[in-house]
Amino acid sequence: MKKLLVAASLCVLVSMPALAQNLEDAVPEAKTKLEQFSTKTGVVIIRGFHKIGSVQGLYGTSVNIEAKEFTNVTDGKKQYGITIESFKEDGRYDNKHTSFIDYDEIDSLIKGIEYISKVKSSVTKLEDFQADYSTRGDLKISTFSSGDRIMAAVTSGNIGGVAAYFNIEDLEKVKNLIKQAKAKIDEIRA
């Protein structure tokens, strides 16, 4: 009986590092400066936010955009950016995911949206196309052909991410809210 108990204890001890490794793999790494800043421990972090607005999409989906200011009270350092939350209403439960976009990424995000909004089916000789712009914080903006129409999607997150779908014209509304969020940040940084 003692040998069996010792063998079982050894199996548990040997499997602990593997279990710890699996847990580390399950925790997503902070990819943006905003996320890294907000995960600091042992300090007080003040999170300021300003809701800019929402755009209703198709199929019960929407996106919400907020301007963010994070302040480390200990050293006074600040980090700015925006969050874009993709939301899908489902009959049983709602699903949402938030992507963080650092301030220094906002201009290229706006330019990326402007570019992919103009992509037409003639971009390829194949039947369908998809054009994507991605950020460090797992936000992907896409335009794609859907039959004879061009549609758009705003996807927040990779695994378990949530996509909001739009008619191509409505992607302009999303872009304008992002511009408003940047203007709000510029206003408070001045």
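This text follows the structure it describes.
Being a predicted model, the structure only gives us computed values, none of them experimental.

1. So, a nonpolar patch on the surface
Part 1 of the reasoning: Together, V44, I46 and V73 make up a nonpolar patch on the protein surface, roughly 260 Å² of accessible area in all.
Part 2 of the reasoning: Tracing the sequence through the fold places I46 in strand β1 (residues 45–56).

2. Details of the packing of aromatic side chains
Centre-to-centre distance and the angle between the planes together describe a pair of aromatic rings.
Part 1 of the reasoning: Going through the model one piece at a time under the given rule, you end up with two aromatic pairs.
Part 2 of the reasoning: Taken together, a centroid distance of 6.1 Å and an interplanar angle of 70° make the contact between Y59 and Y165 edge-to-face. Residue Y59 is located in the loop between β1 and β2 (61–72), and its partner Y165 is located in strand β8 (residues 162–167); the two are separated by 106 residues in the primary sequence.
Part 3 of the reasoning: Classification of Y165 as partly exposed rests on a relative accessible area of 33%.
Part 4 of the reasoning: Centre to centre, the rings of F144 and Y165 are 6.5 Å apart; their planes meet at 90°, and the pair counts as edge-to-face. Of the two residues, F144 is situated in strand β6 (residues 139–146) and Y165 in strand β8; the sequence distance between them amounts to 21 residues.
Part 5 of the reasoning: Overall, F144 belongs to the buried group, its relative accessible area being 19%.
Part 6 of the reasoning: Each member of the aromatic cluster is reached from another via a ring pair, and the members are Y59, F144 and Y165.

3. Focus: the pattern of salt bridges
Part 1 of the reasoning: Under the counting rule described, the total for this entry stands at 15 salt bridges.
Part 2 of the reasoning: Among the salt bridges present, the one from E114 reaches K175, with a minimum N-O distance of 3.4 Å. Linking E114 in helix α3 (residues 106–117) with K175 in helix α4 (residues 171–189), this pair joins segments that are 61 residues apart in sequence.
Part 3 of the reasoning: Taking the relative accessible area as the measure of exposure, E114 reaches 29% and is therefore partly exposed.

What counts, and at which threshold
Residues numbered from 1 in each chain as written. Predicted model: local features only at pLDDT ≥ 70, side-chain atom pairs only at ≥ 80, totals over all residues. Heavy atoms only, no water. Patch = residues over 30% accessible without salt bridge, like charges linked within 9 Å, V, L, I, M, F, W, Y side chains within 5 Å. Areas by Shrake-Rupley, 256 points an atom, 1.4 Å probe, with all protein chains shown as cover. Salt bridge = Lys/Arg side-chain N within 4 Å of Asp/Glu carboxyl O. Helix = DSSP H or I, 4+ residues; strand = E, 2+ residues; numbered from the N terminus. Phe/Tyr/Trp six-rings, centres within 6.5 Å; stacked < 30°, edge-to-face > 60°. Buried < 20%, exposed > 50% of the residue type's maximum accessible area, 1.4 Å probe, protein only.

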